[in-house]
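Topology and contacts: notes
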Amino acid sequence: MSSLFSLHGKTALITGSTRGLGFAYAQGLAAAGASVILNGTQEIHLKKALSVLQEQGANARGFLFNVADETAVEEVFRQLDDENVHVEIVINNAGIQFRKPMLELELSDWQRVLDINLTSAFLIARAAARRMVARESGGKIINIGSLTSQAARATVAPYTAAKGGIKLLTKSMAAEWAQYNIQSNAIGPGYILTDMNQALVENAEFDQWVRASNPSGRWGQPEELIGTAVYLASSASDYVNGQIIYVDGGWLATL
């Protein structure tokens, strides 16, 4: 059974992986045997993340680049090509949040969230899939959605639109790439204790709402997403395609 979930000999690229959920995914895939490639935009955070992973015995490296910059994405993949590094697993985790009522929302803020949270997933997955197809190797694309892939909340319209787009982009990837033995799926995290959500955790009213509206009665922990990520990255999910798995403590199961 352990071999079914083993990632030994595989290389995984995880975007937005120097902190938070992205770093948890990297730790989990590394523990399952994968070589991991981190991505971030701040050198101090990238160095710290790599140091922790390497201390844990992981084979890890990293690149500083903007995932929404097509030229930068292609340059990273060309460098990996030159080094004969084959990316078999992609986790499109990079994302930002911006809270403002739509009536007050500037187009530039809308576009920035869409670029980082949705367009980047297309750019990274396309670059990886082109190489998977050319090598006839197959592979795994894992896009990170959200509860807002399924339901909306006020003041986060760009994020909601992007994460809704992730859900259907994942299905589009499956529709086009399944024939090449590429499985494209998504994870929809619920309310998880991360840096991005720290202000919400510290808001007593919102914290109480999260706990009261979730059958589990609590926030999730980043490590509670690792099992789903490893499953979708491994051969255990070879006939799973175009799906989004919500890891939310039961939040979407209730009204």
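Quick note: structure is the one above.
Residues numbered from 1 in each chain as written. Predicted model: local features only at pLDDT ≥ 70, side-chain atom pairs only at ≥ 80, totals over all residues. Heavy atoms only, no water.

**Re the pairing of strand 4 (residues 89-92)**
Every regular strand shows the same layout, with side chains that alternate between the two sheet faces. Where we set the bar: Buried residues are those whose accessible area, probed at 1.4 Å on protein chains only, stays under 20% of the maximum for their type, while exposed residues exceed 50% and partly exposed ones sit between those limits. Secondary structure elements follow DSSP: runs of H or I no shorter than four residues count as helices, runs of E no shorter than two count as strands, and numbering proceeds from the N terminus. Being paired, for any two strands, means DSSP has found at least two bridges between them. When the strands point away from the viewer, a crossover counts as right-handed if the route from the first strand across the helix to the second turns clockwise.
Of the two faces of strand 4, the one holding Ile89 and Ile91 and the one holding Val90 and Asn92 are both buried throughout. Relative to strand 5 (residues 139-144), strand 4 runs parallel, the two sharing four bridges. Pairing of isoleucine 89 across the sheet is with lysine 140, part of strand 5. As a crossover connection, the stretch from strand 4 through helix 4 (residues 107-135) into strand 5 is right-handed.

**Looking at the side chain of threonine 170**
Here is the rule: We call two N or O atoms a polar contact when they sit within 3.5 Å, provided that within protein one can donate a hydrogen and the other can accept it, with sequence-adjacent residues counted only if both atoms are side-chain atoms. Should any heavy atoms of two residues lie within 4.5 Å, those residues are counted as being in contact.
When you line up the elements, threonine 170 lands in helix 5 (residues 157-177). Engagement of the side chain of threonine 170 in a polar contact is seen with the backbone oxygen of isoleucine 166, the distance being 2.7 Å. In this structure, threonine 170 is in contact with Asn143, Ser184, Asn185, Ala186, Gly242 and Gln243, ignoring residues within four places of it in sequence.

**Regarding unusual backbone geometry**
A positive phi is found at asparagine 84, a non-glycine position, where the angle reads about 60°. Summarising the element assignment, asparagine 84 is placed in the loop between helix 3 (70-82) and strand 4. For asparagine 84, a relative accessible area of 58% gives the class exposed. Residues other than glycine seldom take positive phi values, yet threonine 155 does so here, at roughly 75°. Residue placement: threonine 155 occurs in the loop between strand 5 and helix 5.

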